[in-house]
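Fold and contact review
Listed below, chain by chain, are the residues.
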Amino acid sequence: MGIEKGTKENSPLKTLDDDSMELHEGIQWTKDFHKWFKNQHGYSPINWLPVFLGWEIVNEDQSKRFEYDYKKSVSDLLIYSHYTTGSMVCEEYGVQLVAEAGGPGPPFWESCPVDALKALGNVHIPRGEFWLGNPRNLFFNQRNRQCITYLWEKIC
């Protein structure tokens, strides 16, 4: 495409557009996930895995805390590996990342396990999503975009 690393001005490509992240449902796990989790939360997730099958470990509050820590870890890793890293690579070529980051996500699509506002804050130009037929969906996604524009002072 004629783009060289370090080219900031006169680049023929100004933005790289990224659609929403749609993942298959399931338990997100990699070979080293447990190490990263322990580093972030101070405990190993291994003994807590039965919580995914509905078991209660220690008590209900601690089991829910593990679920929260797990979901936050998955969200943080996906945001870093996809949106933050994508933005950094784009910057090396003088390109801005435009993305429907974090969308559609909960409560509309549970298989996108990222914190939408945090994800939108990790791209250069946040973009919302919309679907015809349900005004609630349009409002929710555009509201996220407006919130992130204000919170992160992004260009829209």
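Residues numbered from 1 in each chain as written. Predicted model: local features only at pLDDT ≥ 70, side-chain atom pairs only at ≥ 80, totals over all residues. Heavy atoms only, no water.

Focus on the environment of V123
Looking at where V123 falls in the secondary structure, it is placed in the loop between α3 (116-120) and β3 (125-126). Along the backbone, V123 and G86 are 37 residues apart, and their C-alpha atoms lie at a distance of 8.0 Å. (Helix = DSSP H or I, 4+ residues; strand = E, 2+ residues; numbered from the N terminus.)

Section: the environment of I27
Positionally, I27 belongs in the loop between β1 (15-18) and α1 (33-41). Once the C-alpha coordinates of I27 and V74 are considered, the two residues, 47 residues apart in sequence, prove to be 9.5 Å apart. In this structure, I27 is in contact with F52 and Y70, ignoring residues within four places of it in sequence. (Contact = heavy atoms within 4.5 Å.)

As for the pattern of salt bridges
It is possible for side chains of opposite charge to pair when their charged atoms get near one another. Using the criterion set out here, one finds five salt bridges in the structure. Salt-bridge contacts for K64 lead to E60; the nearest nitrogen and oxygen are separated by 3.0 Å. Of this pair, K64 and E60 are both found in helix α2 (residues 60-92), four residues apart, which corresponds to roughly one turn of the helix. Residue K64 is classed as partly exposed on the basis of its relative accessible area of 47%. (Salt bridge = Lys/Arg side-chain N within 4 Å of Asp/Glu carboxyl O. Buried < 20%, exposed > 50% of the residue type's maximum accessible area, 1.4 Å probe, protein only.)

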